[in-house]
Amino acid sequence: MPQRIFFATSEVYPFSKSGGLGDVMGALPLALHRTGAPVSVISPFYGRVSTSNYHIRLTISDLHVGHPWAPITCDVYETDYHGVSMYFIDRGEYFDRRFYYNTHKGDYFDNAERFIFFCWAAVALIERLGEPPAIVHAHDWQTSLLPAYIHFLRQTNPFWANTGTLCTVHNLAFQGRFSSRLFDASGLPPAAWTMDGVEFYGDFNMLKAGIAYADAVTTVSPSYAREILTEKYGCGLDGILRHRELDLYGILNGADYQVWNPEEDAFLPCHYGLDDVSGKQRCKENLIAELGLDPALKERPILGFIGRMRGQKGVDLLNAIIPDLMELDVGVVALGEGNPVHEARILDLMESYQGRVAAVIGYTEDLAHRMQAASDIFLMPSRYEPCGLTQMYALRYGAPPVATAAGGLRDTIKAWPADDATGFIFTHSSPVEFLEAVRDAVSLWSSNPESWKGMVRRAMSQSFTWDKSCREYIEVYRKVRLRL
Ligand code: ADP
Ligand code: GLC
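Nothing here was measured: the structure is a model prediction, and the numbers come from that model. (Residues numbered from 1 in each chain as written. Chains lettered and ligands numbered in written order. Predicted model: local features only at pLDDT ≥ 70, side-chain atom pairs only at ≥ 80, totals over all residues. Heavy atoms only, no water.)

A. Examining the sheet that holds strand 11 (residues 199-200) more closely. Strand order in the open sheet formed by 3 strands is 10-12-11, and the pairing between neighbours is antiparallel. Every other strand in the sheet has two partners, leaving strand 10 (177-178) and strand 11 as the edge strands with one partner each. Note: strand 11 against strand 12 (residues 203-205), 2 bridges, orientation antiparallel. Along strand 12, the bridge assignment pairs glutamate 199 with phenylalanine 204. (Pairing = 2+ DSSP bridges. Helix = DSSP H or I, 4+ residues; strand = E, 2+ residues; numbered from the N terminus.)

Written out as structure tokens, the structure is:
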């Protein structure tokens, strides 16, 4: 009876990360491992992986991959990460690059080729390891070809006959959509080139491969699982998702409280927790000094934003309301990178409101932790949010979020003015509604400190553990295997 579960992912924290996918892949396999399930993770060997301190060793040289061109091979590196075997696929010209998927000028031109190669390398590696797996679990478009490859391999190759597949959609907007010419390089049979397969308005859609061929499709919150069945949130794939509705599950992500815990976060200048929150004020004063903000802000609320500066995250809504926020006598700190237009706008605002607005353009893990700890209120005006981890971290760090009623935000924040509120929710992604909601938050902070403290305590007590999500994944694995 096959046992092992293989995760295939383009990011895994702490080896690689560009957003929430990395966080999830750094935590869910470990949580599964704790339940006794044997888990391995396969991800690319990016340049920076080699410099991480995890005793990574070369385990296979010159593994024959064969796609997207016949003689191609890879090396495989391996390490044991808290009981989970991590395999890294090494092919320097594909993965040893400065960024993961794109530069500031746009996507790498060969992304299709890179991830076709990666998925076939995962197939070759699993075969070389010799034990047919119970489950192969793919994540996002970069690895979504795997369920399709396994679907077709199952028909001809006994090694794969008892392997079930899952495809988890972390963000439906990123689909890996390429010219139909790249379908030929994918190694899929012509039978896959249909409306029910990987063809998408004449293009080759790699995420659609996972949705069409995986035994089960999951996404990262129950609300988003419902939203993506609609035209508004379906990104053109709502039709095929409705077709797969019986095999579609929304499983809320967890937060890794080993990494995101203000009681022992190594990135913080001092610690705090429910028993003694006083360290939070010291973290705030520290960040005010670090970012050169007006010391008067020690006595006023700091509003924090961390995220990709793109339409999804509503950073344009934040930029639009910053002038009004200034009238509330608050500080705004923002960390992110993305669209140069949004980046330039927030830097202009920093210039206009010196000492009151601090924007850091870039990707800095430790600053993200310090900003969570220093913020009184966390801003998350996302237009859509499959799950969202930053608001979960904000809750634990005692910064009630102001967020849109979208996807996972709706599933993780209890909206003011309910008695058990942990944050503020607004319905439509408009600057007016966002500003209203922030006004409510600042007004509660200013006028009713006792009530505010109560909300902070409730926020900090929320617990989105991976153990619960893990049980739900195991149940889906079980259902998939029963059907094989
Ligand atoms: P998404 O995956 O859509 O970007 P999530 O809220 O699920 O959103 O996860 C974002 C993760 O990436 C969090 O760990 C957050 O702290 C981190 N992050 C986002 N932008 C930055 C940044 N500029 N610097 C450091 N960490 C960042
Ligand atoms: C995606 C989503 C985010 C989610 C993360 C991890 O990047 O945008 O909402 O939390 O994946 O699943």
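B. Inspection of the packing of helix 1 (residues 20-34) against helix 18 (residues 466-483) at higher detail. Look at helix 1 against helix 18: their axes get within 9 Å of each other, and the N-to-C directions meet at 75°. Taken together, helix 1 and helix 18 sit at an angle that is classed as roughly perpendicular. Mapping the contact onto sequence places Val24, Ala27, Leu28, Ala31, Leu32 and Arg34 in helix 1 and Trp466, Asp467, Cys470, Tyr473, Ile474 and Tyr477 in helix 18. (Axes fitted to C-alpha atoms, helices over the stretch in contact; angles between N-to-C directions. Parallel < 35°, antiparallel > 145°, perpendicular 65-115°, else oblique. Contact = heavy atoms within 4.5 Å.)

C. Region of the structure containing the pattern of salt bridges. Inspection of the entire model under this criterion finds 23 salt bridges. Note that arginine 57 and glutamate 78 form a salt bridge whose closest N and O atoms lie 3.6 Å from each other. Pair noted here: arginine 57 is in strand 3 (residues 57-64) and glutamate 78 is in strand 4 (residues 73-81), with a separation of 21 residues, a long-range link. For aspartate 247, the salt bridge identified is with arginine 483, shortest N-O distance 3.3 Å. You can see aspartate 247 sitting in the loop between helix 9 (238-243) and strand 14 (248-250) and its partner arginine 483 sitting in helix 18, a full 236 residues away along the chain. A residue is classified by how much of its surface remains accessible, and aspartate 247, at 17% relative accessible area, is buried. When salt bridges with common partners are traced through the structure, they connect Asp294, Arg300, Asp329 and Arg356 into a single cluster. (Salt bridge = Lys/Arg side-chain N within 4 Å of Asp/Glu carboxyl O. Buried < 20%, exposed > 50% of the residue type's maximum accessible area, 1.4 Å probe, protein only.)

D. Highlighting the site of ligand 1. Lining the immediate surroundings of ligand 1 are 22 residues, of which Lys17, Gly20, Asp23, Arg308 and Gly362 lie closest. One of the side-chain N or O atoms of lysine 313 is found 2.8 Å from an oxygen atom in ligand 1. With respect to ligand 1, the backbone of leucine 389 contributes an N or O atom lying 2.9 Å from an oxygen atom. Here ligand 1 has 560 Å² of accessible area as a free molecule, and 94% of this is covered by the chains. Looking at the shell around ligand 1, the elements that each hand over two or more residues are helix 1, strand 16 (331-336), helix 13 (365-374) and helix 14 (390-396). For the shell around ligand 1, the residue count by class is 7 nonpolar, 9 polar and 6 charged. (Near = heavy atom within 4 Å. Polar contact = N/O pair within 3.5 Å; in protein donor to acceptor, adjacent residues only side chain to side chain. Areas by Shrake-Rupley, 256 points an atom, 1.4 Å probe, with all protein chains shown as cover. Nonpolar A, V, L, I, M, F, W, Y, C, P; charged D, E, K, R; others polar.)

E. Structural context of the pairing of strand 17 (residues 357-361). Pairing geometry for strand 16 and strand 17, over 5 bridges, is parallel. When the bridges of strand 17 are listed, valine 333 appears paired with alanine 358. Note that the unit made of strand 16, helix 12 (residues 340-352) and strand 17 has a crossover that is right-handed. (Right-handed = clockwise from strand over helix to strand, strands pointing away.)

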